[in-house]
Amino acid sequence: MQTKQKWALTLLTAWGAMSCGGSAGPVDAYQGAIDPSALDAKFQPFSACGRDGRQRCYTPAKAFSGGVEQSFYNLGLVEKAKLTEDAQKRPTLKASAVTARAYDFPEACTAGKAFDERTDAYRQDAQFAVFDALPLTPATNAPAALPLVRTSAWTGVTPFDCNAIKSAQSLKDGVFGGEASADESLALRAVIDLSVLPTRPSAQAASGWYLGLQLAYLDGGAVAVTEEGNVRTMDGVWFKGSSGTPRDLTARLVFQARPGEPDFSPVVRLREVAGGSTTYTSLCYAAPCAADAYDLSANATYTGMLFLVPSTP
């Protein structure tokens, strides 16, 4: 019986010869697209759209920070019951809770033919990131599905065709050579329904692979880790009377910072406040507070962690 690695190499090389015009190197078989219905509900299209309102879309939401309105994609909430607490009884998310990995490929690959959206399933001018897990609906009492991954560069691959690599298992089995960098970091990469991409190209939508299946994800950028080993967050307030949940498009949300500011994070430690005030557009950390700034020194009721991806309006 062939070993797993030899079997994989035989299969992949055969596919490469058939699908890439006789490519000499190994090529992971293209298996189609992921089944989006298996994704956790946070990552499926969440708002009604279309003329009759029967379609589902990824629609940008609105929030305020420092008196300025901002647009973002709301990727839902992980309730505080699913999180740990720090010494101040604030919900925290341990970096160790992030187990999914995504590999990036900084080295050049050999470009294939020009992309034709009418006939081609994917581009062949760059190598997409490769994921080793998907944020699927968790079992009862299992940890919450997260849009966070551990990212690292995979280098030292022998010359390969762009997007020949479609499976993390192939990398781990040594089919393509090379190895993962010892340096890794966290990033927000929310896998979404490839067939329902956001209506605005500015949403940082990108393509990737999982076990030969094509996927799309919203790229929220790097996520820092504190000295205590927790995911770094920014503060946010949801004025509860404005909506049924903090994900509703009508939700009144105020965040600590905007993208590009030092305190910004795509992971928000969210408080809930009774009422649906439409006057607050910033947060205040020390009295006296301006009329449009919510005073965070008030007793806090925490809701959980909210995840977001900025979108240029």
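Criteria and thresholds
Residues numbered from 1 in each chain as written. Predicted model: local features only at pLDDT ≥ 70, side-chain atom pairs only at ≥ 80, totals over all residues. Heavy atoms only, no water. Disulfide = S-S within 2.5 Å. Helix = DSSP H or I, 4+ residues; strand = E, 2+ residues; numbered from the N terminus. Pairing = 2+ DSSP bridges. Phe/Tyr/Trp six-rings, centres within 6.5 Å; stacked < 30°, edge-to-face > 60°. Lys NZ or Arg CZ within 6 Å of the ring centre and 35° of its normal. Buried < 20%, exposed > 50% of the residue type's maximum accessible area, 1.4 Å probe, protein only. Salt bridge = Lys/Arg side-chain N within 4 Å of Asp/Glu carboxyl O. Contact = heavy atoms within 4.5 Å. Core = buried A, V, L, I, M, F, W, Y, C linked by side-chain atoms within 4.5 Å.

Visitor: An account of the state of the cysteines is needed here, citing residue identities and associated values.
Guide: The final tally for this structure, using the stated rule, is two disulfides. C109 shares a disulfide with C162; S-S distance 2.1 Å. Taking the sign of the S-S torsion, 95° for the link of C109 and C162, the bridge is right-handed. Taken together, the residues span a long stretch of sequence, with C109 in the loop between β7 (101–104) and β8 (129–131) and C162 in the loop between β9 (148–157) and α2 (168–172) at a distance of 53 residues.

Visitor: I'd like a description of the pairing of β7, backed by residues and values.
Guide: Where β7 and β9 come together, four bridges link them in parallel fashion. Bridge assignment links R101 to a residue of β9, and that residue is R150. Strand direction decides the pairing type here: β7 and β8, joined by two bridges, are antiparallel. From the neighbouring strand, A102 faces β8, where its bridge partner is F131.

Visitor: Requested: an account of the packing of aromatic side chains, with residues and values cited.
Guide: Considering all chains together, one arrives at twelve aromatic pairs under this definition. What links up through ring pairs into an aromatic cluster is the set Y30, Y122, F128 and W209. Of note, K166 hangs over the ring of W209, and the distance from its end group to the ring centre comes to 5.4 Å.

Visitor: Give a description of the environment of F64 that names residues and reports values.
Guide: Locating F64 in the fold gives a position in strand β3 (residues 61–65). With relative accessibility at 15%, the residue F64 sits in the buried group. When the C-alpha atoms of F64 and A257 are compared, they prove to be 8.8 Å apart, with 193 residues separating the residues in sequence.

Visitor: Explain the pattern of salt bridges residue by residue, including any values.
Guide: The final tally for this structure, using the stated rule, is 14 salt bridges. The shortest N-O distance in the salt bridge between D86 and R269 comes to 3.9 Å. Here the residue D86 occupies a position in the loop between β5 (84–85) and β6 (91–92), and R269 occupies one in strand β16 (residues 267–273), the gap between them amounting to 183 residues. Here D86 matches R269 in class, with each residue buried. For E184, the salt bridge goes to R101, with nearest N and O atoms at 2.5 Å. Of this pair, E184 sits in the loop between β10 (177–180) and β11 (185–192) while R101 sits in strand β7; the two residues are 83 residues apart in sequence, bridging distant segments of the chain.

Visitor: Tell me about the environment of G156, residues and numbers included.
Guide: Here G156 shows up in strand β9. Overall, G156 belongs to the partly exposed group, its relative accessible area being 47%. Residues G156 and R123, 33 residues apart in the sequence, show an inter-C-alpha distance of 22 Å. Not counting chain neighbours up to four residues away, the residues in contact with G156 comprise E107, G177 and G178.

Visitor: How would you explain the nonpolar core if you had to name every residue and give the values?
Guide: With 38 residues, the main nonpolar core has L93, F131, L148, L188, V191, L215 and F307 as its most contacted residues. Those elements that provide at least two residues to this core are β4 (68–79), β8, β9, β11, β13 (213–223) and β19 (302–310). Aside from chain neighbours lying at most four places away, what touches L148 is L93, V98, A100, A187, L188, V223, V231, V267 and F307. F128, A164, I165 and W209 belong to the second largest nonpolar core, which has 16 residues in total.

All quantities given are derived from atomic positions and should not be read as evidence of function.
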